[in-house]
Amino acid sequence: MIIGCCFICLFAVLINKVSLDVTVEAVFGGSVVLPCSSDEHDLKLQDIDVFWRGKDNAVIYNLIKGADSLDSQDQRYKNRAQTFPDEYKKGNFSIKLVNLTHTDAGKFICYITPSDEQETVQLIIKESTEQENHGPETQFNWWQILLICVFTSSVLVFPIAYFIFMRKKRTQAPI
Ligand SMILES: *[C@@H]1O[C@H](CO)[C@@H](O)[C@H](O)[C@H]1NC(C)=O
Ligand SMILES: *[C@@H]1O[C@H](CO)[C@@H](O)[C@H](O)[C@H]1NC(C)=O
């Protein structure tokens, strides 16, 4: 039982480590900033291309040599994606998506070349701010799971260890 519990803990930790995706939440009809930053310093914008892709690899935005390009933008993102050109020189290529619908929920990818960086953003669309209050209590995060596991296993381990210790003492006593 303890082993099972610890296995779950380990699994939860591993999942958390493996998926380095950023998850952002937004409200239906609202807007959201999808983050994407380059770790490179001394950026020369004229050398950089950034490709923002949405569902089914649909084009949201291309930044060619540091300049916005909407040439091949998918219809579903028309007039809904905004860039922050003032942030480019800081390596911040985040975009803002407005008028969110449920079909926007899912995975977004930002590719930066030639540094070959890639950032994945998971977008969650919530119904409205009203329903927000019902959810969070049922959502366990892995920290809570870990704490519960550590707590339950220590509660179980101590009496068992004590029991074994006492038994050893008792069997040793007559000698
Ligand atoms: C986004 O929503 C606003 C306000 O509801 C509306 O005026 C605008 O036309 C919408 N834009 C798009 C691209 O749907
Ligand atoms: C990037 O720019 C956006 C828009 O101004 C901002 O919301 C975001 O916090 C910035 N991110 C970083 C890492 O500076």
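Residue positions are given per chain, counted from 1 along the sequence in the order it is written. Going through the entries in the order they are written, you letter the chains from A and number the ligands from 1. Residues qualify for local features only when their pLDDT is at least 70, as the model is predicted, and side-chain atom pairs are given and counted only at 80 or more; totals for whole chains, interfaces and linings, by contrast, use all residues. Note that water and hydrogens are dropped before the side-chain values are worked out from all heavy atoms of the structure.

As recorded in an unreviewed UniProt entry, the protein goes by Ig-like domain-containing protein and comes from Cyprinus carpio. The Subcellular location (unreviewed entry) comment attached to the protein in UniProt states, word for word, "Cell membrane". UniProt positions are given in the numbering used here, feature names are shortened, and annotations may be inferred rather than shown by experiment.

The subject of this paragraph is the pairing of strand β4 (residues 59–64). Burial within β4 is extensive, with five of its six residues counted as buried. Note on pairing: DSSP must find at least two bridges between two strands before they are called paired. Only runs of H or I of at least four residues qualify as helices and only runs of E of at least two qualify as strands under DSSP, and these elements are numbered from the N terminus. As paired strands, strand β3 (residues 49–53) and β4 are joined by four bridges and run antiparallel to one another. The residue bridging W52 from the neighbouring strand is Y61, located in β4. Bridge analysis of β4 against strand β5 (residues 67–69) gives three bridges, and the strand direction is antiparallel. Of the residues in β5, the one forming a bridge with N62 is S69. Between β4 and β5, which pair antiparallel and follow one another directly, the connecting turn spans two residues, one of which, K65, has a positive phi of 50 degrees. Exposed residues in this analysis have more than 50% of their type's maximum accessible area, buried residues have under 20%, and partly exposed residues fall in between, with area computed by a 1.4 Å probe over protein chains only.

A separate point is the site of ligand 1. A molecule or strand has a residue near it when one of that residue's heavy atoms lies within 4 Å. Near ligand 1 the following residues occur: K78, N79, R80 and N99. One nitrogen or oxygen atom from the side chain of N99 is found 2.3 Å from an oxygen atom belonging to ligand 1. Computed with a 1.4 Å probe, the accessible areas rest on the Shrake-Rupley method; for each residue, only the protein chains presented here act as cover. In the complex, the protein chains occlude 29% of the 360 Å² of accessible area that ligand 1 would expose alone. Tallied by class, residues from the shell around ligand 1 come to no nonpolar, two polar and two charged. Polar contacts, as counted here, are pairs of nitrogen or oxygen atoms within 3.5 Å of one another; within protein the pair requires one atom able to donate a hydrogen and one able to accept it, and residues that are adjacent in sequence qualify only if both atoms are side-chain atoms. Any residue that is not Ala, Val, Leu, Ile, Met, Phe, Trp, Tyr, Cys, Pro, Asp, Glu, Lys or Arg is counted as polar, Gly included; the first ten are nonpolar and the last four charged.

We now examine the site of ligand 2. Residues in close proximity to ligand 2 include S37, F84, E87, N92 and S94, which together make up its full environment. N92 places a side-chain nitrogen or oxygen 2.3 Å from an oxygen atom of ligand 2. Bound to the protein, ligand 2 loses 47% of the 370 Å² it would expose on its own. Among the residues forming the shell around ligand 2, the class breakdown is one nonpolar, three polar and one charged.

With an omega of 5 degrees, the peptide bond between T113 and P114 qualifies as cis. Its place among the elements puts P114 in the loop between β8 (106–113) and β9 (117–126). For D116, which is not a glycine, the phi torsion comes out positive at approximately 60 degrees. Among the secondary structure elements, D116 is positioned in the loop between β8 and β9. Given the relative accessible area of 67%, D116 is considered exposed.

Quick look at the side chain of T120 now. Among the structural elements, T120 can be located in strand β9. When sequence neighbours within four positions are dropped, the list of residues in contact with T120 reads D21, V22, K107, F108 and I109. Residues count as neighbours in contact if any of their non-hydrogen atoms are within 4.5 Å of one another.

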